[in-house]
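The chain contents come next:
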There are 2 protein chains.
Amino acid sequence: MNFDKLKGFRDFLPKEMKARKEVFERIEKVVQKYGFRELDTPSLEPLELYRIKSGEELLEQTYSFEDKGGRNVTLIPEQTPTRARLVASKKSLNKPVKWYSTSKRWRYERPQKGRLREFYQTDIDIFGADTVEADAEILTVLVEIMDELEVLDSVNILVNDRRVMENILNHLKISESNYEEVLDIIDDKEKVTRDKFVKQLKELGIDSNIAKLIDKITEVSGTFNEALSEVNKLLETFNDVKVVKKEVTSRLNKLESVLESNGIEYQVVLDFSIVRGLEYYTGLVFEVFDKKGDLRAICGGGRYNNLVELFGGNSVSAIGFAIGDAVIEELMRREGVWPDETLNTDVYVLPVSSDVKEKTSEIASKLREEGLLVETDLKGRNVSSQLKYANSIGARKVLILGENDLEKGKITLKDMDSGEERLISLEDITDKIIEEL
Amino acid sequence: MNFDKLKGFRDFLPKEMKARKEVFERIEKVVQKYGFRELDTPSLEPLELYRIKSGEELLEQTYSFEDKGGRNVTLIPEQTPTRARLVASKKSLNKPVKWYSTSKRWRYERPQKGRLREFYQTDIDIFGADTVEADAEILTVLVEIMDELEVLDSVNILVNDRRVMENILNHLKISESNYEEVLDIIDDKEKVTRDKFVKQLKELGIDSNIAKLIDKITEVSGTFNEALSEVNKLLETFNDVKVVKKEVTSRLNKLESVLESNGIEYQVVLDFSIVRGLEYYTGLVFEVFDKKGDLRAICGGGRYNNLVELFGGNSVSAIGFAIGDAVIEELMRREGVWPDETLNTDVYVLPVSSDVKEKTSEIASKLREEGLLVETDLKGRNVSSQLKYANSIGARKVLILGENDLEKGKITLKDMDSGEERLISLEDITDKIIEEL
């Protein structure tokens with residue numbers, strides 16, 4: 001019989017877990033400093049919850065089924081709808097609500113590099129604060145996470161405001177019913193040639209010159225001031241009017257200055273090709289890409305001020321982002337900054353024979369009381385097998401208990417790094433070990 | 001439209017999460033000291049994996065379904081089969097393998113007190129060490145966990161060796177084909193009267209005197225020596241032979257002495273009614289009960305030396321147990337030792353007006369660099385709303401930034417416990433706060 005795990009699912013043995021745990025903890029350390037609080041929600045939800053925002057494509061990719069009580073349910077492909085449900089239903093929540101969670105998500109897609117059927121995702125959101133300070137805090141956290149994971153120099157953090165592009169489309173007299181399709185084409189621009197991109201726009205009935213202009217605009221990328229003035233210049237050549245609305249540009253400029261006050265020295269780039277596919281974004285949008293360009297997007301997010309309302313709540317603004325575990329792991333491994341995967345053990349207590357088992361237990365127990373990670377023999381093995389095992393669990397010190405030594409109140413302390421062994425007094429063990437670890 | 005979560009599933013808001021996280025971390029702190037290492041495995045597995053050991057009742061209670069590729073899959077109701085698969089397939093794993101994991105499990109049962117459809121469970125196992133030292137280590141960890149959760153005095157930890165009862169049944173000439181049914185009746189003894197218990201045994205065709213004797217034996221509970229000799233005495237009156245096999249009794253006696261060397265002062269009780277329902281246990285079995293008796297079993301486990309083999313591996317011995325999150329929470333709440341659910345924040349930085357926002361960001365950012373948990377205004381609120389918010393997040397200190405004070409290089413430091421406010425110099429902020437927190 002075949003007992004393999006399912007395709008696109010993963011087992012993590014302790015060595016791998018240790019590194020992954022460290023990555024998750026480093027992310028949490030950053031978000032916790034900003035007052036984001038951990039949330040936990042069901043892994044299985046009514047499928048209905050996803051019809052609101054996710055669109056048919058996502059629904060097709062869910063692990064959904066009818067449960068034994070006839071309910072249509074799904075393993076969660078994302079946590080945002082659940083959060084919107086919570087914010088909508090718990091009106092007494094003190095705003096801003098700042099939540100994070102690192103937990104499992106599931107998508108029924110063809111497993112491939114960077115895309116799995118079961119994966120972890122960290123979601124970070126602020127609900128109920130529609131200010132540029134909230135936008136800046138989210139981006140600041142994102143930059144700090146990349147820094148904490150030692151990949152900040154390996155990525156581009158690109159932002160835009162969806163409304164800029166909507167203003168431009170409006171100004172270019174593109175029919176509002178075409179907006180979503182145009183934005184989808186822009187969202188996928190990196191996947192096609194520029195000619196193909198222009199062709200796709202023309203197929204929507206957009207005039208050739210305007211399609212070419214949209215192509216040029218979506219190539220603009222740079223510091224906030226530069227990029228904004230470049231886009232305005234492109235639009236001027238078209239019909240001599242500055243169209244990027246003052247309210248939006250001033251918010252983008254302010255965002256840049258708040259990021260600076262927040263101590264962010266990294267250059268976040270304004271890039272007009274960033275629009276995000278999902279229709280529910282209402283303002284700032286951003287994505288993080290690997291600079292070398294051989295990996296999928298590392299992270300994406302934005303402002304979505306209309307979502308909570310759809311779940312039956314009052315209007316509550318929201319901004320947030322998500323980082324999956326697969327692509328960041330690929331990036332960190334490629335950059336050589338994935339955490340060490342060797343196990344650690346403080347002390348292995350080694351009984352030379354079964355006569356000293358009682359003393360072995362006592363010493364191990366005393367050392368554990370000091371909070372040390374201590375293993376001892378559970379298999380009745382000989383000395384060399386035990387030393388081999390101690391080595392495999394990364395023991396730093398081995399205490400060797402022989403009957404003769406014990407009678408003299410002595411014990412051998414072996415340092416596993418240097419290989420050095422020396423006899424010490426029984427009563428000194430704890431002090432000596434704590435001192436040397 | 002109804003967006004409620006599913007019945008038997010839970011949302012944990014940050015305050016609840018904080019307490020739960022603390023409980024999980026306390027459990028992990030204990031197991032880590034003994035060298036148990038964290039494992040993570042899929043939440044969805046082929047249903048086949050559970051046919052091996054779980055029996056039809058459990059299969060009926062799974063969230064199982066056919067995935068979009070036609071595979072029969074299930075949300076995991078337990079992690080033991082997955083672990084057995086791993087140990088069976090990864091023959092190079094260094095033994096003993098000592099694994100723990102706190103993660104979600106799902107069962108499609110009627111939700112009721114202490115029983116949910118989605119719950120967390122901590123599983124702790126040792127594979128590849130069939131010694132009394134391994135038995136003792138597992139029990140020691142269990143006792144320490146109960147102690148760490150401050151419920152040790154509120155529970156009974158009852159152990160038995162399945163082979164003792166099998167020896168007795170054999171001695172009483174009960175047909176081997178009846179063993180499982182008899183053990184199931186014993187396992188459920190606490191749910192019925194003693195008369196009913198005897199009646200159930202007689203219905204299996206067991207002689208009335210023997211049924212009454214089994215009733216008496218399964219009432220025996222006490223220290224290891226007392227309980228063993230009492231059972232032997234009961235059997236002697238029956239036909240004058242000591243039947244509890246020497247090998248098993250000597251292991252039980254040794255277990256008690258190793259527990260003592262391990263520093264366990266708590267009295268683990270030998271109780272002949274503990275047999276565990278599942279047929280795969282092969283030796284030591286144990287359960288933890290609330291002393292007051294109004295809660296379900298808190299934890300259960302035992303030795304299951306034949307399981308890995310069933311998954312296609314070599315014979316690998318195993319012992320372990322599981323603690324679910326629901327009953328332990330009920331117990332801890334009842335005993336008043338459930339962790340505090342208030343949020344903590346080190347500092348809230350409060351801008352009196354928007355003119356001082358830049359300075360606010362700078363100060364917040366400087367304090368976060370020191371690793372402090374710092375929140376600030378994201379909503380452009382007035383002073384009293386901000387103080388209310390600061391209070392709701394448990395801020396210990398509030399730094400109040402006013403334009404006039406700032407011009408003089410001053411800032412107000414408010415202590416939220418005492419309510420005391422005083423002016424301090426801008427450059428002293430970090431030192432003063434770190435000193436006072």
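S.K.: Explanation requested: the interface of chain A and chain B in the structure shown.
M.R.: In this complex, chain A contributes 94 residues to the contact, which on the side of chain B involves 94 residues. Taken together, both faces of the contact between chain A and chain B bury some 7,700 Å²; the carbon and sulfur share is 57%. Three residues, Phe-3, Arg-37 and Leu-378 of chain A, lead the burial of chain A against chain B; their summed loss comes to 11% of the area buried on that side. The interface formed by chain A and chain B holds 13 salt bridges in total. A salt bridge links Arg-368 of chain A to Glu-137 of chain B, with the nearest nitrogen and oxygen atoms 3.9 Å apart. Residues belonging to the side of chain A that touches chain B are distributed by class as follows: 40 nonpolar, 21 polar and 33 charged.

S.K.: What should I look at first to understand the pattern of salt bridges in this one?
M.R.: Residue and element names in this part refer to chain A. Scanning the entire structure with this criterion turns up 100 salt bridges over all chains. A salt bridge links Glu-45 to Arg-85; its shortest N-O distance comes to 2.6 Å. Residue Glu-45 is located in strand E2 (residues 44-46), and its partner Arg-85 is located in helix H4 (residues 80-89); the two are separated by 40 residues in the primary sequence. The same class applies to Glu-45 as to Arg-85, namely buried. The salt bridge involving Glu-219 is made with Lys-189; its shortest N-O contact spans 2.6 Å. Linking Glu-219 in the loop between helix H9 (208-217) and strand E8 (221-222) with Lys-189 in the loop between helix H7 (179-187) and helix H8 (194-203), this pair joins segments that are 30 residues apart in sequence. A residue is classified by how much of its surface remains accessible, and Lys-189, at 7% relative accessible area, is buried. If you follow the salt bridges from partner to partner, you end up with Arg-10, Arg-20, Asp-325, Glu-329, Arg-333 and Glu-341 in one network.

S.K.: Mind showing me how you'd approach the side chain of Lys-397 of chain A here?
M.R.: Residues and elements named next belong to chain A. Tracing the backbone through its elements, the reader meets Lys-397 in strand E15 (residues 395-401). Within the structure, the side chain of Lys-397 is placed 2.6 Å from the side chain of Asp-415, a separation counted as a polar contact. Beyond its immediate sequence surroundings of up to four residues, Lys-397 is in contact with Asp-346, Val-347, Tyr-348, Leu-413, Lys-414, Asp-415, Met-416, Glu-436 and Leu-437.

Cut-offs and rules
- One numbering rule holds for all chains: residues counted from 1, following each sequence as written.
- To label them, take the chains in the order written and letter them from A, then take the ligands in the order written and number them from 1.
- For a predicted model such as this one, the threshold for reporting local features is a pLDDT of at least 70, and the threshold for listing and counting side-chain atom pairs is 80 or more; totals across whole chains, interfaces and linings nevertheless cover every residue.
- Side-chain metrics in this entry use all non-hydrogen atoms of the structure; hydrogen atoms and water are not considered.
- Any pair of residues with heavy atoms lying within 4.5 Å of one another is described as a contacting pair.
- Accessible area that two parts lose when put together, with a 1.4 Å probe and added across both, is what the buried area reports.
- What counts as a salt bridge is simple: a side-chain nitrogen of Lys or Arg found within 4 Å of a carboxyl oxygen of Asp or Glu.
- Residues are grouped as follows: Ala, Val, Leu, Ile, Met, Phe, Trp, Tyr, Cys and Pro are nonpolar; Asp, Glu, Lys and Arg are charged; all remaining types, including Gly, are polar.
- Only DSSP runs of H or I covering at least 4 residues are called helices, and only runs of E covering at least 2 are called strands; the numbering of each starts at the N terminus.
- Exposure categories follow from relative accessible area, calculated using a 1.4 Å probe and restricted to protein chains: below 20% of the type maximum is buried, above 50% is exposed, and the middle band is partly exposed.
- The term polar contact refers here to a pair of N or O atoms within 3.5 Å; inside protein, the definition further demands a hydrogen-donor-capable atom paired with an acceptor-capable atom, and it admits residues adjacent in sequence only when both atoms are side-chain atoms.

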